[in-house]
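# Overview (structure and organization)
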2 protein chains.
Amino acid sequence: MANKAAPDAPPGSAGGTPTRRYSERSRQAIFEAALALVGEVGYEKLTIEGIAARAGVGKQTIYRWWPSKAAVLLDAFGSAADAYEHEGLPDTGDLAADLKVVLRATVDEFNDAAWQAPYRALVAAGTNDEELSRSFVGRLMEPGIRLYVERLRAAREAGELDPDVDLRIGAEMLLSPFSQRWLMRTGELTHAFVDTLVDQVLRGLRRRD
Amino acid sequence: MANKAAPDAPPGSAGGTPTRRYSERSRQAIFEAALALVGEVGYEKLTIEGIAARAGVGKQTIYRWWPSKAAVLLDAFGSAADAYEHEGLPDTGDLAADLKVVLRATVDEFNDAAWQAPYRALVAAGTNDEELSRSFVGRLMEPGIRLYVERLRAAREAGELDPDVDLRIGAEMLLSPFSQRWLMRTGELTHAFVDTLVDQVLRGLRRRD
């Protein structure tokens, strides 16, 4: 069983047993340690040994579950994102309102220094390291983009959007200006910014009457 | 006079004298060496000594004009961009066609390995180095964004765009999806991509009839 488990499933994952609870506690401690440390020392200086010491586990515990520090970090962010992705974006029937709610919450998250330091360190390392970048994009960014594509698809099916709209490019029109303001510091991330962005993007995607 | 000259103006810049021609030749050789080297060895390993050796000048010549390798690189890219910025974007009266011409040419440029290696190295270094990033954005990205803002402003004044449109956010809707596909490798940069992007963005900005 252990060999067939997903890379982020620690061995002994039968739910509710003492082993399972212990493993899950270690796993969370390792994620918290990895995110805190990478924010403090940067990706280059992050080590498995350092994560193990901070988490209070042996380094063999980490190596048993993950092949590299990059894999630990990607899973640490990914485990937070998974719950969200499972739910999908809200769909109250008001596309503009739903997108503004989610993007305003994302603004607050990206403006939180504790949250952004590790995420920025991972993106920075990825700019120089194509394999890490592709893992990062595949594990963390693409699932996020797909959530927006799916919400736009529901709106198109409900007749709100133009039937010929390119949903992927539509999602990028919403998300890339946000990401670039954050990553390159080309502008402030505010609620007013995302509200205007949503309005201008949706005008471009809506069905013409 | 030399002390008052702009950082990118070598001393002895009286036009047309032998000194001026010599300086300009050295300056171009230094820029070419810096761009070639940073693409080969990355930003971290780039040194002023290496640039000087490749350019066939003494390292004091470089230190006389620029305080750091970052300053050399920013000027090297900037000097190429300045000519372009001086002209502005084409304005034939057909906004969509003008934007597609420019963005298709930019696609070809960003898909050129020789051109993209040094640019990517500089962006990568900037993700970790806030001061370098702010110089990069201020010297290279902001002038580019402003070109698009100005072209959109001309279209708004010509009555093509909605009078209430936010021009800055409109320019980011065009440019950020492009930048993110390139930097994060989230998608292909093709002519078809920028054509659809321009069409969907302009639908959002155009005056409603």
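Note that the coordinates shown come from a computational prediction; the quantities given were computed from them, not determined experimentally. (Residues numbered from 1 in each chain as written. Chains lettered and ligands numbered in written order. Predicted model: local features only at pLDDT ≥ 70, side-chain atom pairs only at ≥ 80, totals over all residues. Heavy atoms only, no water.)

## What to know about the environment of Arg207 of chain B
Residues and elements named next belong to chain B. Its place among the elements puts Arg207 in the segment after α9 (191-205). Its relative accessible area of 44% is what places Arg207 among the partly exposed residues. Taking C-alpha positions, Arg207 is 9.1 Å from Asp164, a pair spaced 43 residues apart along the chain. Setting aside anything within four residues of it in sequence, one finds Arg207 in contact with Gly159, Glu160, Leu161, Asp162 and Pro163. (Helix = DSSP H or I, 4+ residues; strand = E, 2+ residues; numbered from the N terminus. Buried < 20%, exposed > 50% of the residue type's maximum accessible area, 1.4 Å probe, protein only. Contact = heavy atoms within 4.5 Å.)

## Looking at the relation of the copies chain A and chain B
After a rotation of 180° and a shift along the axis of 0.0 Å, chain A superposes on chain B with an RMSD of 0.0 Å. These values place the two chain copies in the arrangement generated by a two-fold rotation axis. Identified as the residue of chain A closest to the rotation axis by C-alpha distance is Gly204 of chain A, at 1.7 Å. (Least-squares fit on C-alpha atoms with pLDDT ≥ 70 in both.)

## Things to note about the interface of chain A and chain B
Counting from both sides, the interface comprises 42 residues of chain A and, opposite them, 42 residues of chain B. The junction of chain A with chain B conceals about 3,600 Å² of combined surface from both sides, 54% of it contributed by carbon and sulfur atoms. One salt bridge connects Arg203 of chain B with Asp162 of chain A, and the closest N-O pair in it is separated by 3.2 Å. Put simply, chain A and chain B have 18 residue pairs in polar contact (both at pLDDT 80 or more) between them. (Buried area = accessible area lost by both parts, 1.4 Å probe. Salt bridge = Lys/Arg side-chain N within 4 Å of Asp/Glu carboxyl O. Polar contact = N/O pair within 3.5 Å; in protein donor to acceptor, adjacent residues only side chain to side chain.)

## Quick look at a negative patch on the surface
Together, Glu44, Asp129 and Glu131 of chain A together with Glu44, Asp129 and Glu131 of chain B give the surface a local cluster of negative charge. Considering the arrangement of structural elements, one finds Glu131 of chain A in helix α7 (residues 130-157). A relative accessible area of 66% places Glu131 of chain A in the exposed class. (Patch = residues over 30% accessible without salt bridge, like charges linked within 9 Å, V, L, I, M, F, W, Y side chains within 5 Å. Areas by Shrake-Rupley, 256 points an atom, 1.4 Å probe, with all protein chains shown as cover. Lys, Arg positive; Asp, Glu negative; His and termini not counted. Charge placed at Lys NZ, Arg CZ, Asp CG, Glu CD.)

## Quick word on unusual backbone geometry
Note on backbone geometry: most residues besides glycine have negative phi, and most peptide bonds are trans. Despite not being glycine, Arg185 of chain A shows a phi value in the positive range, around 55°. Inspection of the secondary structure assignment puts Arg185 of chain A in the loop between α8 (167-184) and α9 (191-205).

## Looking at the confidence of the model for chain A
Residue and element names in this part refer to chain A. Per-residue pLDDT for chain A averages 86, and the proportion of residues at 70 or more is 88%. Across chain A, the element-wise mean pLDDT spans from 78 in helix α6 (residues 113-128) up to 97 in α9. When the criterion is pLDDT under 50, residues 1-15 qualifies, and its contacts beyond four places in sequence or with other chains add up to 19 contacts. (pLDDT = per-residue confidence, 0-100.)

## Observations concerning the pattern of salt bridges
Side-chain pairing between opposite charges can occur once the charged atoms of the two side chains come close. Residue and element names in this part refer to chain B. One pass over the full model with this rule turns up 30 salt bridges over all chains. Between Arg27 and Glu24 there is a salt bridge, with its nearest N and O atoms 3.5 Å apart. One end of the pair, Arg27, and the other, Glu24, are both in helix α1 (residues 18-41), three residues apart, so they sit about a helical turn from each other. Exposure remark for Glu24: the relative accessible area of 24% places this residue in the partly exposed category.

## Looking at empty space enclosed by the protein
Residue and element names in this part refer to chain B. Within the structure shown, the criterion is met by one cavity of 30 Å³ or more. Approximately 40 Å³ is the volume attributed to the largest cavity. Among the secondary structure elements, those contributing two or more residues to the lining of the largest cavity are α6 (113-128) and α7 (130-157). It is α6 that contributes the most residues to the lining of the largest cavity, four residues altogether. Broken down by class, the residue content of the lining of the largest cavity amounts to four nonpolar, three polar and no charged. (1 Å grid on protein atoms, 1.4 Å probe; cavity = no way out; pocket = protein on both sides within 12 Å on 5 of 7 lines; lining within 4 Å. Points joined across faces, edges and corners; volume = space filled by probe spheres on them. Nonpolar A, V, L, I, M, F, W, Y, C, P; charged D, E, K, R; others polar.)

## Focus: the packing of aromatic side chains
The geometry of two aromatic rings is summed up by the distance between their centres and the angle between their planes. A complete count under the given rule lists 16 aromatic pairs over all chains for this structure. A ring pair is formed by Phe77 of chain A and Tyr119 of chain A, whose centres lie 5.0 Å apart and whose planes are at 70°; its orientation type is edge-to-face. Taken together, the residues span a long stretch of sequence, with Phe77 of chain A in helix α4 (residues 69-87) and Tyr119 of chain A in helix α6 at a distance of 42 residues. Given the relative accessible area of 13%, Tyr119 of chain A is considered buried. Ring geometry for Trp65 of chain B versus Trp66 of chain B: centroids 5.5 Å apart, planes at 75°, classification edge-to-face. With respect to burial, Trp65 of chain B and Trp66 of chain B carry one shared label: buried. Taken together, the aromatic side chains of Phe77, Phe110, Tyr119, Phe136, Phe178 and Trp182 of chain A make up a single cluster linked through ring pairs. One Lys or Arg, Arg120 of chain A, reaches over the ring of Trp182 of chain A and ends 4.7 Å from the middle of that ring. Across the ring face of Phe193 of chain B, the terminal group of Arg181 of chain B is positioned such that the distance to the ring centre comes to 3.8 Å. (Phe/Tyr/Trp six-rings, centres within 6.5 Å; stacked < 30°, edge-to-face > 60°. Lys NZ or Arg CZ within 6 Å of the ring centre and 35° of its normal.)

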